[in-house]
Amino acid sequence: MRVVVQRCKEAKVSVEDTVTGAIGKGLMLLVGVTHEDTEQDAKYLADKIAGLRIFEDEAGKMNFSVTDTGGAILSVSQFTLYGDCRKGRRPNFMAAAAPAEAERLYDYFNQELRAGGLQVETGVFGAMMDVSLTNWGPVTLLLDSRG
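Residues numbered from 1 in each chain as written. Predicted model: local features only at pLDDT ≥ 70, side-chain atom pairs only at ≥ 80, totals over all residues. Heavy atoms only, no water.

Let's shift gears to the pattern of salt bridges. Any two side chains of opposite charge can pair, so long as their charged atoms come close to each other. Under the defined criterion, the tally for this structure stands at 8 salt bridges. With its nearest N and O atoms 3.5 Å apart, the salt bridge here joins Asp 47 to Lys 43. A residue pair is termed a helical-turn pair when its members lie 3 or 4 positions apart in one helix, as Asp 47 and Lys 43 do in helix α1 (residues 39-51) at 4 residues. We classify Asp 47 as partly exposed; its relative accessible area is 44%. Residue Glu 112 pairs with Lys 43 through a salt bridge whose shortest N-O separation is 3.3 Å. Of this pair, Glu 112 sits in helix α3 (residues 99-115) while Lys 43 sits in helix α1, placing them 69 residues apart in sequence. On the basis of relative accessibility, which here comes to 36%, the residue Lys 43 falls in the partly exposed class. Several salt bridges share partner residues, and in doing so they unite Asp 37, Asp 41 and Arg 146 into one network. (Salt bridge = Lys/Arg side-chain N within 4 Å of Asp/Glu carboxyl O. Helix = DSSP H or I, 4+ residues; strand = E, 2+ residues; numbered from the N terminus. Buried < 20%, exposed > 50% of the residue type's maximum accessible area, 1.4 Å probe, protein only.)

Right under this line is the structure:
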């Protein structure tokens, strides 16, 4: 499982001009699932993200997590994180999990974040979405459950 984490001041996702999820300060997540991923991968990344210390303290050091700051999460499914661009000019998405399994693990991942007390807003799985955010820092990290 792969997640792009972006610390943000605000973020929103819309489907057909209707906002399906919006947050203020917190984390914008782009979430990709591959064939070998399990609930263990989803739980690992949910726990890692909930505790990831990328928010600054009074001294300007990254010492606080989204949980510590009371921030929210906007989670958007993103199968293109498993696009392979090594050959040719068109990405190959063979490494992305089948939609039914990807949706199940994406939902489980969001459920684990909520179980940790976080507010989680989402897009619509499989839909064409418009995503916008104000990246704060900027701070952008790539996490992968398989190293």
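Another aspect to go through is the pairing of strand β2 (residues 18-23). With 5 bridges connecting them, strand β1 (residues 2-15) and β2 associate as antiparallel partners. Paired with Ala 11 across the bridge in β2 is Ile 23. Adjacent in sequence and paired antiparallel, β1 and β2 are bridged by 2 residues, among which Glu 16 carries a positive phi angle near 50 degrees. (Pairing = 2+ DSSP bridges.)

A separate point is the side chain of Arg 7. Along the chain, Arg 7 turns up in strand β1. Leave out the neighbours within four places in its chain, and Arg 7 touches Gly 26, Leu 27, Ile 54, Phe 55, Glu 56, Met 62, Thr 134, Asn 135, Trp 136, Gly 137 and Val 139. (Contact = heavy atoms within 4.5 Å.)

Turning our eyes to something else, we now look at the pairing of strand β6 (residues 72-77). Among the 6 residues of β6, 6 are classified as buried, and the element is accordingly described as predominantly covered. Neither face of β6 is left uncovered, since the one carrying Ala 72, Leu 74 and Val 76 and the one carrying Ile 73, Ser 75 and Ser 77 both have all their residues buried. Both strand β3 (residues 26-32) and β6 contribute to a ladder of 6 bridges, which runs parallel. Across the sheet, the residue bridging to Leu 30 is Val 76, located in β6. Taken together, the 4 bridges between β6 and strand β7 (residues 119-122) define a ladder with parallel strand orientation. The residue bridging Ala 72 from the neighbouring strand is Gln 119, located in β7. You can see the chain leave β6, run along α3 and come back into β7, and the turn it takes is right-handed. (Right-handed = clockwise from strand over helix to strand, strands pointing away.)

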